[in-house]
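# Remarks on the overall topology
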Number of protein chains: 2
Amino acid sequence: MSGAASSAAPAGRFDNHPFIQACRGLPHDRVPVWFMRQAGRSLPEYRAIRGTGTILDAIADPDLSTEITLQPIRRYDVDAAILYSDIVVPAHAVGFGLTVTPGVGPEVERPFRHEDDLARLRPLDPEADTPYVLETVRQLVAELDRPLIGFAGAPFTVASYLIEGRPSRDYANTKAMMFANERLWHALCDRLADIAISSLQSQIDNGASAIQLFDSWAGSLSPAQYQRYVFSHSQKVMDAIADTGVPKIHFGVTTGELLPQISAVGADVVGVDWRVPLDAARERVGHGTSLQGNLDPTVVFAGAEFACEAARDVLRLNDGHPGHVFNLGHGVMPAMDPDVLTEIVKVVHEEGTVRS
Amino acid sequence: MSGAASSAAPAGRFDNHPFIQACRGLPHDRVPVWFMRQAGRSLPEYRAIRGTGTILDAIADPDLSTEITLQPIRRYDVDAAILYSDIVVPAHAVGFGLTVTPGVGPEVERPFRHEDDLARLRPLDPEADTPYVLETVRQLVAELDRPLIGFAGAPFTVASYLIEGRPSRDYANTKAMMFANERLWHALCDRLADIAISSLQSQIDNGASAIQLFDSWAGSLSPAQYQRYVFSHSQKVMDAIADTGVPKIHFGVTTGELLPQISAVGADVVGVDWRVPLDAARERVGHGTSLQGNLDPTVVFAGAEFACEAARDVLRLNDGHPGHVFNLGHGVMPAMDPDVLTEIVKVVHEEGTVRS
């Protein structure tokens, strides 16, 4: 764990970088941009080196993961790198028993069902359990001239994978357990919060300049459900790393109704999908909270001209607010043309002005 | 087409029924309730008679479809029947070429891609193309002592099935066509609007007391996208059947940001999923628009006690407003216990009071 005890943010190497400044809502000279899933199957250079193993195999190879993380930096000149990893890596590393099936996603041999399954989620010792992740972080920090974003899965979303056993549309098993066995639900989320904290803290200790907490599927909940079953666990994660001083991004999709709560758990930056116009989103998050997003990823399929005009629409709705990190509203998809993403980065860098 | 030319609603057989009164926001004595997908695989009596064909085979059998439609009325005493059919029936009937695969959903042999594919969507002649649907409607109207809801798929959602070729999470192909070939998109939606109009009008002519336009997946769009690509087509459908005087329900999920538009196309009732609390939803739809919903379906998996308390929460948020049709926020799922749904109906009927 970090020894940082000051409540003030410690001086960071990239404090003056537009990405970090935008996360903090401070003045800077141009709108920063990165893309969720900027590394991966959309890139031919990724497909060329990725090999045939699962993503968990690739993540266990620091040289490979470092290279994969750097590929989109070289290609797109985005303002931040995000560690090539997966939100289920810690649960895998403590032996829960899961794999990530190409084209499907995380699959669990024995889904989480009972009290007994808690024993399959012992605390994470990042140096011992995921040394490859930290070696990748260290290699990246040594090579990068811009911020590295570390990340973890939020308790709800990781729990949904462990309980459903595979990707789901309705999260019926997850919500059934949450509703019917609230004590077990909270015990599970408490363990997952501790695991997320250990993982994030270790990434920060090794040089990550910001973190993103992925609660991708929390938008399947109503505000009352989020408050009762999720809020305290995500807040615990955010609180535990607050004194590191690195910006904390909090992301999910279909979260329009939850934006005030997703901000209030302790996020410096709230990720917004394309369903909520940025100006409406800004009214829902706390004053001083930055926004990340929110270009509809599917515009990329319509070609560069259309996509760039849509990117300009996002910039227009942000209206020069300094608290804006440009991104897609969800991740890059494998079939996307990277050349269109290159053009979007150019538009954001050339036309994205920030009010002082 | 209907000969009704009056702008006033013609007197309907169930004008004083709580369901119709609630759709119109008029005083009535108790909150009406029905469930989307109340008929179907969740019911043992359905599984006992359904047979082994596809749903399209079952829909083509009026006696079977009538019985399936009536099963949940007998079991639950819900306040409305909804025709057992599928939103892709008209496209199937005009020969587009699709099937509905059990456990998957609609699948299209040759997805809609080009101008030429428009020819596969000739106008629907309901009496000639779907006589079995109208025979089912007539049988139901003869047997029922309560309103029958007819329905159609909205242009966007039907288009998404025809373009994707199978159920999708991101509607990438649909949105790519919409963005990149706007002329073809509007031509497609115009044909689908005409087909929906013919289908709805024929169901009303044969005795349906209300209709629901399913735009289940429109919530994948931003408000600006909805306005540009969808609004006018759904409005055309609603406008065309306005002079029949039957209440028009308009439903989709993850539509929180779209509720004002989903109302403004001409809906009398707006379906709301569980993500938006009913009191917030009421502020977003036009004055005089009723709401339908919005119990989270997954509460059913937590058992009767939990589900009934959640149903009471919905009633509390509605606070006795007369413009409320109780429903789930999305459909009944096959694994649900029908006995829990029975208990929910009892709670709504016994405890759902309406302000006069």
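Residues numbered from 1 in each chain as written. Chains lettered and ligands numbered in written order. Predicted model: local features only at pLDDT ≥ 70, side-chain atom pairs only at ≥ 80, totals over all residues. Heavy atoms only, no water.

Moving on, we get to the packing of helix α8 (residues 155-164) of chain B against helix α10 (residues 182-205) of chain B. Residues and elements named next belong to chain B. Put simply, α8 and α10 touch, their axes get as near as 9 Å, and they point 115 degrees apart. Comparing their axes, α10 and α8 come out roughly perpendicular. The two elements α8 and α10 cross, and the hand of that crossing is right-handed. Contacts between α8 and α10 involve P155, F156, V158, A159, L162 and I163 from the former and W185, L188, C189, L192 and A193 from the latter. In terms of residue class, the contact of α8 with α10 is built from 11 nonpolar, no polar and no charged. (Axes fitted to C-alpha atoms, helices over the stretch in contact; angles between N-to-C directions. Helix = DSSP H or I, 4+ residues; strand = E, 2+ residues; numbered from the N terminus. Parallel < 35°, antiparallel > 145°, perpendicular 65-115°, else oblique. Left-handed = near helix turned anticlockwise from the far one by under 90°. Contact = heavy atoms within 4.5 Å. Nonpolar A, V, L, I, M, F, W, Y, C, P; charged D, E, K, R; others polar.)

Before going further, it helps to spend a moment on the sheet that holds strand β8 (residues 290-295) of chain A. Residue and element names in this part refer to chain A. Taken together, 7 strands build an open sheet; the order of strands is β1-β4-β5-β6-β7-β8-β9 and the sheet is parallel. Of all strands in the sheet, those bounded by a partner on one side alone are β1 (81-82) and β9 (324-328). Alignment of β1 against strand β4 (residues 148-153), held across 2 bridges, turns out to be parallel. Residue pairing for β4: A81 is matched across the bridge by L148. (Pairing = 2+ DSSP bridges.)

Right, let's talk about the relation of the copies chain B and chain A for a bit. When chain B is fitted to chain A, the best match, at an RMSD of 0.0 Å, comes from turning it 180 degrees and sliding it 0.0 Å along the axis. Such a combination of turn and shift is consistent with a two-fold rotation axis. Residue T254 of chain B, judged by its C-alpha, is the member of chain B lying nearest the rotation axis, at 3.3 Å. Mapped onto chain A, 100% of the interface residues of chain B are again interface residues, and the two copies thus contact each other with one and the same surface. (Least-squares fit on C-alpha atoms with pLDDT ≥ 70 in both.)

Moving on to unusual backbone geometry. Residues and elements named next belong to chain A. G293 connects to N294 through a cis peptide bond whose omega is -10 degrees. For N294, the position within the fold is in strand β8. One non-glycine residue, D319, lies in positive phi territory at about 55 degrees. Within the element layout of this structure, D319 appears in the loop between α15 (304-318) and β9.

So, about the nonpolar core. If you look at the biggest cluster of nonpolar residues, it comprises 259 residues, and the most contacted ones within it are I344 of chain A together with I344 of chain B. Setting aside residues up to four positions removed in sequence, I344 of chain B forms contacts with F35, L295, V300, A307, C308, A311 and F326 of chain B. (Core = buried A, V, L, I, M, F, W, Y, C linked by side-chain atoms within 4.5 Å. Buried < 20%, exposed > 50% of the residue type's maximum accessible area, 1.4 Å probe, protein only.)

This part covers α15 of chain A. Residues and elements named next belong to chain A. Helix length check: α15, at 15 residues, gives a terminal C-alpha distance of 21 Å against a target of 21 Å (1.5 Å per residue), a fit within 8%. Every buried residue of α15 is accounted for by A307, C308, A310, A311, V314, L315 and N318. Mapping the buried residues of α15 onto a view down its axis gives an arc of 160 degrees, with all of them on the same face. Along α15, exposed side chains directed more than 90 degrees from the buried face belong to E305 and R316. Of the residues trailing α15, D319 is marked for its positive phi of about 55 degrees. (Expected span 1.5 Å × (residues − 1). Arc of directions from axis to C-beta.)

Turning to the packing of aromatic side chains, a few remarks are in order. Applying the stated criterion to the full structure yields 18 aromatic pairs over all chains. Considering the side-chain rings of F214 of chain B and F251 of chain B, the 5.9 Å spacing of their centres and the 75 degrees angle between planes classify their relative orientation as edge-to-face. Residue F214 of chain B is located in strand β5 (residues 210-214), and its partner F251 of chain B is located in strand β6 (residues 248-251); the two are separated by 37 residues in the primary sequence. Members of the aromatic cluster, joined through ring pairs, are F151, F214 and F251 of chain A. Between the NZ or CZ atom of R169 of chain A and the centre of the ring of W217 of chain B, over which it lies, the distance is 4.9 Å. When the ring centre of F96 of chain B is taken as origin, the NZ or CZ atom of R120 of chain B, which lies over that ring, is 3.9 Å away. (Phe/Tyr/Trp six-rings, centres within 6.5 Å; stacked < 30°, edge-to-face > 60°. Lys NZ or Arg CZ within 6 Å of the ring centre and 35° of its normal.)

Let us look at the sheet that holds strand β8 (residues 290-295) of chain B. Residue and element names in this part refer to chain B. Across the sheet, which stays open at both edges, the 7 strands sit in the order β1-β4-β5-β6-β7-β8-β9 with parallel pairing between neighbours. Edge positions in the sheet fall to β1 (81-82) and β9 (324-328), since each has one partner strand and no second. The strands touched by helix α12 (residues 231-240) within the sheet are β5 and β6, with β6 carrying the most contacts at an inclination of about 160 degrees. Strands in contact with helix α15 (residues 304-318) are β8 and β9; relative to β8, the strand with the most contacts, it is inclined by about 155 degrees.

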